[in-house]
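Observations on chain architecture
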Amino acid sequence: ERFMNPERKKMPDIDIDFQRTRRQEVFDYINAKYGKDNVSQIVNYVLLTEKSGLKDVLRIYNVPFVEANNATKEFEIKGEVPEKFEKHFSIAKKLMNNIRNFSKHASGVLIADKPLYNYIPVANINGEVMSAIDMEFLAKKGFLKVDILGLNSLDIIQQTLNYIKQ
């Protein structure tokens, strides 16, 4: 019913739970079923905040780690930085909301009817093809995202069943 709701304007949010130890089998199956070029994991962008930007700027300016750490803690607690680091903070604010780094989305898999490079930019990251755009953009454009979740509890249940069988 959730997937067939005509009032829902977005693609459905599909979460599927598997044993954590067997997740790779699921990814392998999806790649075989829909074609390796039609499937990818989703990139996750980490944006610079005032705090992380300040820490990075202080590192670039060779401020000792302990001193930089204290300055960012003070900013976090008081909302202000020590006067001697105001120039650095000014630079950090200009960098805010830029991409700091990227990683693989913990569970998101993108599936399309044709090779993904026909629709979106893709990137080869550590030998793995990933969407080069994040899931929020993908959702706005109507792509289907499936979360393949690995649950430890399902591993425990399987181990219990194996013990019972023995």
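Residues numbered from 1 in each chain as written. Predicted model: local features only at pLDDT ≥ 70, side-chain atom pairs only at ≥ 80, totals over all residues. Heavy atoms only, no water.

**As for the overall build of the protein**
Within the protein one finds six helices and six strands. Residues counted as buried form 30% of the 166 residues belonging to the protein. Sequence separation of at least 24 residues holds for 77% of the intrachain contacts in the protein that already meet a minimum separation of 6. As displayed, the protein has an accessible area near 11,600 Å², and 53% of this comes from carbon and sulfur atoms. (Helix = DSSP H or I, 4+ residues; strand = E, 2+ residues; numbered from the N terminus. Buried < 20%, exposed > 50% of the residue type's maximum accessible area, 1.4 Å probe, protein only. Contact = heavy atoms within 4.5 Å. Areas by Shrake-Rupley, 256 points an atom, 1.4 Å probe, with all protein chains shown as cover.)

**Overview of the nonpolar core**
Counting residues in hydrophobic clusters, the biggest one holds eleven residues: Leu-54, Val-57, Leu-58, Val-63, Ala-68, Ala-71, Phe-75, Val-81, Phe-85, Phe-89 and Ala-92. Elements that contribute at least two residues to this core include exactly α2 (50–60), α3 (65–78) and α4 (86–95). Not counting residues within four places of it along the chain, the set of residues in contact with Ala-71 comprises Leu-54, Leu-58, Pro-82 and Phe-85. If you look at the next biggest cluster of nonpolar residues, it comprises nine residues, including Ile-14, Ile-30, Val-109 and Val-146. (Core = buried A, V, L, I, M, F, W, Y, C linked by side-chain atoms within 4.5 Å.)

**Things to note about the pairing of strand β6 (residues 144–151)**
Taken together, the six bridges between strand β1 (residues 14–19) and β6 define a ladder with parallel strand orientation. Within β6, the position partnered with Ile-14 by the bridge is Val-146. As defined by bridge partners, strand β3 (residues 99–111) adjoins β6 across four bridges and the pair is classed as antiparallel. Within β6, the position partnered with Val-109 by the bridge is Val-146. (Pairing = 2+ DSSP bridges.)

**Overview of helix α1 (residues 23–34)**
For α1, with twelve residues, the first-to-last C-alpha span of 17 Å sits near the 16 Å given by 1.5 Å per residue. What α1 keeps buried is the set Arg-23, Val-26, Phe-27 and Ile-30. Across the axial projection of α1, the buried residues extend over an arc of 100°, all falling on one side. For α1, exposure combined with an orientation more than 90 degrees from the buried face picks out Tyr-29 and Ala-32. Elements in contact with the buried residues of α1: β1, β2 (39–47), β3 and β6. One or two steps after α1, the chain reaches Gly-35, where phi turns positive at roughly 95°. (Expected span 1.5 Å × (residues − 1). Arc of directions from axis to C-beta.)

All we've got here are geometric facts, nothing functional implied.
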